[in-house]
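# Coordinate analysis (summary)
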Amino acid sequence: MNTALALALMVGLGAFAYGAAVGFRGKALHVDYYGRDVSDRVKTTPQLREEANRSFKIWCVVAAMLLLAPLIWLFADFQRERTTWELLGLAAYVFIVVIVGSYPFAKMSAPQWRD
């Protein structure tokens, strides 16, 4: 069970680190990455494009850093079985981390970013 939890957390960490890397490269709005559902106004306006890339950098780095805490907690006592309450707390924490990491998508679909 702990192995599956650790692997799932590492996959999430890798996914958010990849999102941050795309933001650092300035390609968050590229069609091959996350830019399919973004309006043309955001893609053509330099200020909005920079804001979108900055948003990806910040929020994906924050989400990746937040996933380090449960990994450290899990590896601190790897052989111990986790209780149901610990697993529920971990699920709630990861849910919040996913919301934090998906904030750039919600921000880019906001009405002020639309045409």
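Above this note sits the structure.
Everything quoted here is computed from the prediction, not taken from an experiment.

The next point concerns the nonpolar core. In this structure, L5, A6, L9, F16, A63, A64, L67, L71, L74, L90, V97 and V100 together form the largest nonpolar core, which totals 12 residues. Among the secondary structure elements, those contributing two or more residues to this core are α1 (2-25), α3 (46-76) and α4 (84-101). Element by element, the count of residues in this core is highest for α3, at 5 residues. Ignoring any residue separated from it by four or fewer positions in sequence, one finds L90 in contact with L5, P70 and W73. Counting 11 residues, the second-largest nonpolar core is a separate cluster that includes A28, V38, A52 and C60.

With that out of the way, let us pick up the packing of aromatic side chains. Applying the stated criterion across every chain yields a total of 3 aromatic pairs. Between F56 and F105 the ring centres are 5.3 Å apart and the planes differ by 85°, which places this aromatic pair in the edge-to-face class. You can see F56 sitting in helix α3 and its partner F105 sitting in helix α5 (residues 103-108), a full 49 residues away along the chain. On the accessibility criterion, F56 (1% relative accessible area) is buried. What makes F105 partly exposed here is its relative accessible area of 38%. When the ring of F75 is compared with that of F78, the centres are 5.4 Å apart and the planes differ by 20°; the resulting orientation is stacked. The cationic tip of R82 hangs over the ring face of W73; the distance from NZ or CZ to the ring centre is 4.4 Å.

Turning our eyes to something else, we now look at the pattern of salt bridges. Taken as a whole and assessed by the stated rule, the structure comprises 3 salt bridges. Salt-bridge contacts for E51 lead to R54; the nearest nitrogen and oxygen are separated by 2.6 Å. Highlighted residues: E51 and R54, both in helix α3, separated by 3 residues, approximately one helical turn. Taking relative accessible area as the criterion, E51 reaches 22% and is therefore assigned partly exposed. A network of salt bridges, in which partner residues are shared, links D77, R80 and E86.

On the secondary structure map, N53 appears in helix α3. By relative accessible area, which is 6% here, N53 ends up buried. Look past the residues within four positions of N53 in its chain and what remains in contact with it is V22, G23, G26, K27, A28 and L29.

Scoring rules and cut-offs
Residues numbered from 1 in each chain as written. Predicted model: local features only at pLDDT ≥ 70, side-chain atom pairs only at ≥ 80, totals over all residues. Heavy atoms only, no water. Core = buried A, V, L, I, M, F, W, Y, C linked by side-chain atoms within 4.5 Å. Buried < 20%, exposed > 50% of the residue type's maximum accessible area, 1.4 Å probe, protein only. Helix = DSSP H or I, 4+ residues; strand = E, 2+ residues; numbered from the N terminus. Contact = heavy atoms within 4.5 Å. Phe/Tyr/Trp six-rings, centres within 6.5 Å; stacked < 30°, edge-to-face > 60°. Lys NZ or Arg CZ within 6 Å of the ring centre and 35° of its normal. Salt bridge = Lys/Arg side-chain N within 4 Å of Asp/Glu carboxyl O.

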